[in-house]
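# Reading the structure
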Amino acid sequence: MKNMKQLNLKDVTQYVEENIGVFHKKRIAGLNDLKLKKVLSKKNPYLFKAKYILTAQDIIESVTNAFISSQEETIFGDWIEGLAIFINSKVYGGWKSGISGIDLEFDKDGVRYIVTIKSGPNWGNSSQIGKMRADFKTAQKTLRTSNSKLNIIAVNGCCYGRDNNSDKGDYFKYCGQKFWEFISGDSELYTKLIEPLGNKAKERNDEFIQSYSQMINKFTKEFADTFCMDNGSINWDKLVRFNSAILVSKK
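Residues numbered from 1 in each chain as written. Predicted model: local features only at pLDDT ≥ 70, side-chain atom pairs only at ≥ 80, totals over all residues. Heavy atoms only, no water.

## What to know about the packing of aromatic side chains
In this description, a pair of aromatic rings is defined by centroid distance and the angle of the planes. Throughout the structure, instances matching the rule amount to 15 aromatic pairs. Seen from their ring centres, tyrosine 15 and phenylalanine 86 are 4.4 Å apart, and the 20° between their planes marks the pair as stacked. Taken together, the residues tyrosine 15 in helix H1 (residues 9–33) and phenylalanine 86 in helix H4 (residues 56–92) connect sequence positions 71 residues apart. The pair formed by tyrosine 15 and phenylalanine 86 is uniform in burial state, with each residue classed as buried. (Phe/Tyr/Trp six-rings, centres within 6.5 Å; stacked < 30°, edge-to-face > 60°. Helix = DSSP H or I, 4+ residues; strand = E, 2+ residues; numbered from the N terminus. Buried < 20%, exposed > 50% of the residue type's maximum accessible area, 1.4 Å probe, protein only.)

Next up, the structure:
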């Protein structure tokens with residue numbers, strides 16, 4: 001087992017500065033890959049009508065913002081997983097696991113921890129949690145093949161939020177402060193991370209806002225050309241048919 005080392009926050013700041021650009025690049029790439037009809041096909045047109053949305057731009061901003069928010073959660077979740085593994089490697093010598101479904105492995109106090117990292121506590125339905133449990137069992141079996149005496153504990157770590165019932169029977173669930181302390185030994189790390197994450201955030205976000213504004217303008221024009229009548233009003237019949245009509249296969 002490797003001895004625990006004190007985390008140097010400068011290492012975390014340097015990691016964030018060198019790698020946060022990846023998150024912002026993926027945000028912009030996600031924008032560039034968006035297609036209006038793909039976004040519209042996933043949203044409820046009846047809701048727009050019920051909310052008395054009357055302009056093309058309001059519809060575009062509503063559907064696009066919801067889509068982007070969901071996409072950003074995924075992109076940032078992947079990024080912060082990398083940060084957690086980096087921090088743990090500095091403190092406990094942990095490593096990114098090569099076992100399917102496991103993100104992080106590390107040794108502490110004679111225990112091998114296998115960790116699956118998620119963004120927040122409410123990340124999955126019962127079948128997804130069932131798959132995680134199965135992945136934990138498979139990983140434990142794989143590791144015991146090479147070392148039958150290995151004491152293995154499975155952990156679902158969540159980067160934010162809380163879960164007051166950590167013991168799930170066959171695994172532990174640590175969220176927010178408890179998770180960051182678990183992987184770093186620092187009970188206040190969860191607050192210390194905020195400062196480096198915000199470094200140069202405005203400058204990086206300016207580029208995103210420029211791309212976002214261009215996309216909103218482009219989509220609004222495309223929507224108006226496709227789903228608005230000559231007098232400028234929205235053709236709700238056409239929009240609902242596009243979204244929900246039965247597709248007839250062409251023979």
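## Details of the pattern of salt bridges
One pass over the full model with this rule turns up 12 salt bridges. Notably, a salt bridge pairs arginine 112 with aspartate 107, separated by 2.5 Å at the nearest N-O pair. Assigned by exposure class, arginine 112 and aspartate 107 land together as buried. For aspartate 225, the salt bridge goes to lysine 221, with nearest N and O atoms at 3.1 Å. (Salt bridge = Lys/Arg side-chain N within 4 Å of Asp/Glu carboxyl O.)

## With respect to the environment of serine 62
Looking at the secondary structure, you find serine 62 in helix H4. Separated by 19 residues in the primary sequence, serine 62 and lysine 43 place their C-alpha atoms 9.5 Å from one another.

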